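# Structure at a glance
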Amino acid sequence: MNTSTYDQMNVPSAALGEAADYLTEQMVAQIAQYQGEIIGVEIPASVELLIAETEPGVQGDRVSGARKPATLETGKVLQVPLFVEPGDKVKVDTRTGDYLTRV
């Protein structure tokens, strides 16, 4: 939705590219258009997303640098530390797709 005119806009997922892995409801994105066609989408450098699914953490592994796969609320899978559990909110770098911190 255009935040100044409140016009709704349908954006094909192909135009979003990798930005689609980080978009949630109410997120603001800058869309660049040229002659009516979308040429780019800019999202924030980092976003906060919920962990939808991951294996449970093991007691005693909280300090090590080991990682495990986790699925975000958007469906993207990334590597997180062992102490991260389902339902946790994490900050993710949208440029690299890396876990930054638990929020």
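Residues numbered from 1 in each chain as written. Predicted model: local features only at pLDDT ≥ 70, side-chain atom pairs only at ≥ 80, totals over all residues. Heavy atoms only, no water.

## A word on the overall build of the protein
Convention followed: We count a stretch as a helix when DSSP gives it H or I for four or more residues in a row; a strand needs E for two or more, and each element gets its number in order from the N terminus. With the radius of gyration taken over C-alpha atoms, the globule rule is written as 2.2 Å times the number of residues to the power 0.38. When a residue's accessible area, from a 1.4 Å probe over protein chains only, is under 20% of the maximum for its type it is buried; when over 50% it is exposed; and in between it is partly exposed. Only the protein chains shown count as cover for residues, with accessible areas throughout obtained via the Shrake-Rupley method and a probe of 1.4 Å. Only four residue types enter the tally: Lys and Arg on the positive side, Asp and Glu on the negative side; His and the chain ends are excluded. Working definition for charges: the position is that of NZ of Lys, CZ of Arg, CG of Asp or CD of Glu.
The secondary structure content of the protein amounts to one helix and seven strands. Here the C-alpha radius of gyration of the protein, 16 Å, is well above what a compact globule of 103 residues would show, namely 13 Å. With 103 residues in all, the protein has 22% of them scored as buried. A total of about 7000 Å² of accessible surface is found on the protein, and carbon and sulfur atoms cover 46% of it. Side chains of the protein carry 8 positive and 15 negative charges; the gap between the two charge centres is 9 Å.

## Let's talk about the nonpolar core
Taken as a class, soluble globular proteins show a tendency for nonpolar side chains to be buried jointly. Here is the rule: Nonpolar core, defined: a set of buried Ala, Val, Leu, Ile, Met, Phe, Trp, Tyr and Cys residues in which side-chain atoms within 4.5 Å join the residues together. Contacts are assigned to residue pairs with any non-hydrogen atoms lying within 4.5 Å of each other.
With 14 residues, the main nonpolar core has Ile 51, Leu 72, Val 80 and Val 90 as its most contacted residues. Elements that contribute at least two residues to this core include exactly β3 (46–54), β4 (67–72), β5 (77–81) and β6 (89–93). If you tally residues by element for this core, the top one is β3, at three residues. In contact with Val 80, other than residues within four places in its own chain, are Ile 51, Ala 66, Arg 67, Lys 68, Ala 70 and Tyr 99.

## What to know about the environment of Tyr 34
Inclusion rule: Counted as a polar contact is a pair of N or O atoms within 3.5 Å, where, for protein atoms, one must be capable of donating a hydrogen and the other of accepting one, and residues adjacent in sequence contribute only when both atoms are in side chains.
If you trace the backbone, Tyr 34 turns up in strand β1 (residues 30–34). Within the structure, the side chain of Tyr 34 is placed 3.3 Å from the side chain of Gln 35, a separation counted as a polar contact.

## So, the sheet that holds β5
This is how the line gets drawn: Any two strands are treated as partners once DSSP identifies two or more bridges connecting them. Axis angles are defined between N-to-C directions and span 0 to 180 degrees, where every axis is a line fitted to C-alpha atoms and, for a helix, only to the segment in contact.
Spatial ordering of the open sheet is given by β5-β4-β3-β6-β7, a layout of five strands whose pairing is antiparallel. Since the sheet does not close on itself, it has two edges, and those belong to β5 and β7 (99–102), each with one partner. The sheet shows a mean angle of 50° between the axes of neighbouring strands, direction not considered. One ladder, built from three bridges, connects β3 with β4; its direction is antiparallel.

## A few points about unusual backbone geometry
Residue Tyr 6 is not a glycine yet carries a positive backbone phi of 65°. Judged by its relative accessible area of 58%, Tyr 6 falls in the exposed class. One non-glycine residue with positive phi stands out, namely Gln 35, at about 50°. Its place among the elements puts Gln 35 in the loop between β1 and β2 (37–42). We classify Gln 35 as exposed; its relative accessible area is 67%.

## Notes on the confidence of the model for the protein
Just so we agree on the cut-off: Every residue is assigned a pLDDT by the predictor, reflecting its confidence on a scale from 0 to 100.
The share of residues in the protein with pLDDT of 70 or more is 93%, and the mean pLDDT across the chain is 88. Across the protein, the secondary-structure element scoring lowest on mean pLDDT is helix α1 (residues 13–16), at 84, and the one scoring highest is β6, at 97.

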